[in-house]
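# Overview (structure and organization)
The chain contents come next:
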Amino acid sequence: MPVLDSPLLAETGALTRFAGRFFREGFRPRYEVPELLYQCYVVGYQSLPMVGITGFIMGMVLTLQSRPTMAQFGAEAWIPTMVGLTIIREMGPIITALIFAGKIGSSIGAELGSMRVTEQIDAMEVSGTNPFKFLVVTRVLATTLMLPVLTILADAIGLYASYLAINLKGVTTLALFANNVLTSLTFGDVLPAFIKTFFFGFAIGLIGCYKGYYSNKGTEGVGQAANSAVVLSSLVIFVIDLLAVQITGLLGLN
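Residues numbered from 1 in each chain as written. Predicted model: local features only at pLDDT ≥ 70, side-chain atom pairs only at ≥ 80, totals over all residues. Heavy atoms only, no water.

Where an unreviewed UniProt entry is consulted, the protein chain appears under the name ABC transporter permease, with the organism given as Hymenobacter persicinus.

Given below as structure tokens:
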């Protein structure tokens, strides 16, 4: 039965069991609060420069690319509205999550893979420490909590870059720009975009930890763990985004 022997199904089943173990062990004492706070700092601090630069470029490019087309129809006043909706609803969460997956997902996969290769995880088990709670749970929670914060920062930086781009060939005030953006946003625009970032962060952390925690022996396995963590995380981000669009459409929030 080739369907049952599919590597994709086997990988999906193993990842599901890994997620089930996270929910079984993640909320039981003892809680690794200091390590969780440290991982939140590391995850957020390491990603902030790249996320900020990407958000700035995203806002500038969207504005500069859309301005000629909008000018043909005399609709330049709608640029803040269009850019604001594009960044907050879709581009901000997706681009930030992909940057986060490339930066943090690969880092987690390589770090845990190196610990597996050097038998540090085995040493933790022998010493009585629960390596799953200390290494996996803290990192998954950190990515889940920090990606929404980074997305908000990227959205804000992208909108400010859009304001600067508009002023390159025109004049507008920051108050007017902000008013145009905020009046065009609705509850259905902001809330779904914010909620799905938690799922993006959870998927990135879970996949990175899974690939690193069960990496193959040897230095080649470490590289494969980091690479496959990024690839699979990026694919899952698009799948989650597609599901989020369908669900918000069914709820009438689009």
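### Some words on the overall build of the protein chain
We count it as follows: Secondary structure elements are defined from DSSP: runs of H or I of at least 4 residues count as helices, runs of E of at least 2 residues count as strands, and each element is numbered from the N terminus. When accessible area is computed with a 1.4 Å probe and restricted to protein chains, residues below 20% of their type maximum are described as buried, those above 50% as exposed, and intermediate ones as partly exposed. We call two residues in contact whenever any of their non-hydrogen atoms come within 4.5 Å of each other. The charge count includes Lys and Arg as positive and Asp and Glu as negative, but it does not include His or the ends of the chains. To locate a charge, take NZ of a lysine, CZ of an arginine, CG of an aspartate or CD of a glutamate.
Along the backbone of the protein chain there are 8 helices and 0 strands. Element order for the protein chain, N to C, with α for helix and β for strand: α-α-α-α-α-α-α-α. Out of the 254 residues in the protein chain, the part that is buried amounts to 46%. Long-range pairs, those at least 24 residues apart, make up 84% of the contacts in the protein chain with a sequence separation of at least 6. Charge-centre separation for the protein chain: the mean point of 15 positive side chains lies 3 Å from the mean point of 15 negative side chains.

### Examining the pattern of salt bridges
Quick note on the threshold: Within this document, salt bridges are pairs made up of a side-chain nitrogen of Lys or Arg and a carboxyl oxygen of Asp or Glu, the two lying within 4 Å of each other.
Taken as a whole, this structure holds 9 salt bridges when the rule is applied. A salt bridge links lysine 196 to glutamate 90, with the nearest nitrogen and oxygen atoms 3.4 Å apart. With lysine 196 in helix H7 (residues 187-213) and glutamate 90 in helix H3 (residues 79-117), this pair connects stretches of sequence that are 106 residues apart. On the basis of relative accessible area, lysine 196 is assigned to the buried category, the value being 6%. In this structure, arginine 139 and glutamate 111 form a salt bridge, with 3.0 Å as the shortest nitrogen-oxygen distance. One end of the pair, arginine 139, is in helix H5 (residues 131-166); the other, glutamate 111, is in helix H3, and 28 residues separate them in sequence. Through salt bridges that share partners, Glu35, Glu111 and Arg139 make up one connected network.

### A short note on the nonpolar core
The nonpolar side chains of a soluble globular protein tend to be buried, and buried together. The test is simple: We define a nonpolar core as any set of buried Ala, Val, Leu, Ile, Met, Phe, Trp, Tyr and Cys residues linked to one another through side-chain atoms lying within 4.5 Å.
In terms of nonpolar packing, the biggest core is built from 39 residues, with Phe18, Phe100, Phe132, Val136, Phe200, Cys209 and Ile237 touching the most fellow members. Mapped by element, the contributors of at least two residues to this core are helix H1 (7-25), helix H2 (33-72), H3, helix H4 (120-126), H5, H7 and helix H8 (219-250). When neighbours within four sequence positions are excluded, phenylalanine 18 is seen to be in contact with Phe132, Val136, Leu206, Cys209, Tyr210, Tyr213 and Tyr214.

### Looking at helix H6 (residues 174-184)
Definition in use: As used here, the arc belongs to the directions running from the helix axis to the C-beta atoms.
Every buried residue of H6 is listed here: Phe177, Val181 and Ser184. All buried residues of H6 fall inside an arc of 75° around its axis, so they share one side. When the buried face of H6 is taken as reference, the exposed residues oriented beyond 90 degrees from it are Ala175, Leu182 and Thr183. On its buried face, H6 sits against H3, H5 and H7.

### Focus on a nonpolar patch on the surface
Rules: Like charges within 9 Å and nonpolar side chains (Val, Leu, Ile, Met, Phe, Trp, Tyr) within 5 Å are joined into patches, using only residues over 30% in relative accessible area that form no salt bridge. We get accessible surface area from the Shrake-Rupley algorithm with a probe of 1.4 Å; when it comes to residues, only the shown protein chains can shield them.
Nonpolar side chains collect at one region of the surface, where Ile152, Phe187, Leu191, Phe194, Ile195 and Phe199 lie side by side and expose about 570 Å² of accessible area between them. Element by element, the count of residues in the nonpolar patch is highest for H7, at 5 residues. Considering the arrangement of structural elements, one finds leucine 191 in helix H7.

### Brief notes about the confidence of the model for the protein chain
The condition that has to hold: pLDDT is a residue-level measure of predictor confidence that goes from 0 to 100.
Across the protein chain, the average pLDDT comes to 88, with 98% of residues at or above 70. Mean pLDDT across the secondary structure elements of the protein chain bottoms out at H4, with 84, and peaks at H5, with 93.

### Quick word on the packing of aromatic side chains
Convention followed: Aromatic rings from Phe, Tyr and Trp, taking only the six-membered ring of Trp, are treated as a pair when their centres fall within 6.5 Å; an angle between ring planes under 30 degrees marks them as stacked, one over 60 as edge-to-face, and anything in between as tilted. Should the NZ of a Lys or the CZ of an Arg lie within 6 Å of a ring centre and within 35 degrees of the ring normal, that charge is described as sitting over the ring.
This model, assessed by the stated rule, comprises 15 aromatic pairs. Considering the side-chain rings of tyrosine 41 and tyrosine 45, the 5.5 Å spacing of their centres and the 10° angle between planes classify their relative orientation as stacked. A residue pair is termed a helical-turn pair when its members lie 3 or 4 positions apart in one helix, as tyrosine 41 and tyrosine 45 do in helix H2 at 4 residues. Residue tyrosine 45 is classed as exposed on the basis of its relative accessible area of 55%. Arranged with centres 5.2 Å apart and planes meeting at 85°, the rings of tyrosine 213 and tyrosine 214 form a pair that is edge-to-face. For tyrosine 213, a relative accessible area of 2% corresponds to the buried category. Feature note: the residues Phe18, Phe132, Tyr210, Tyr213 and Tyr214 constitute an aromatic cluster, connected by ring pairs. Between the NZ or CZ atom of arginine 116 and the centre of the ring of tyrosine 213, over which it lies, the distance is 4.9 Å.

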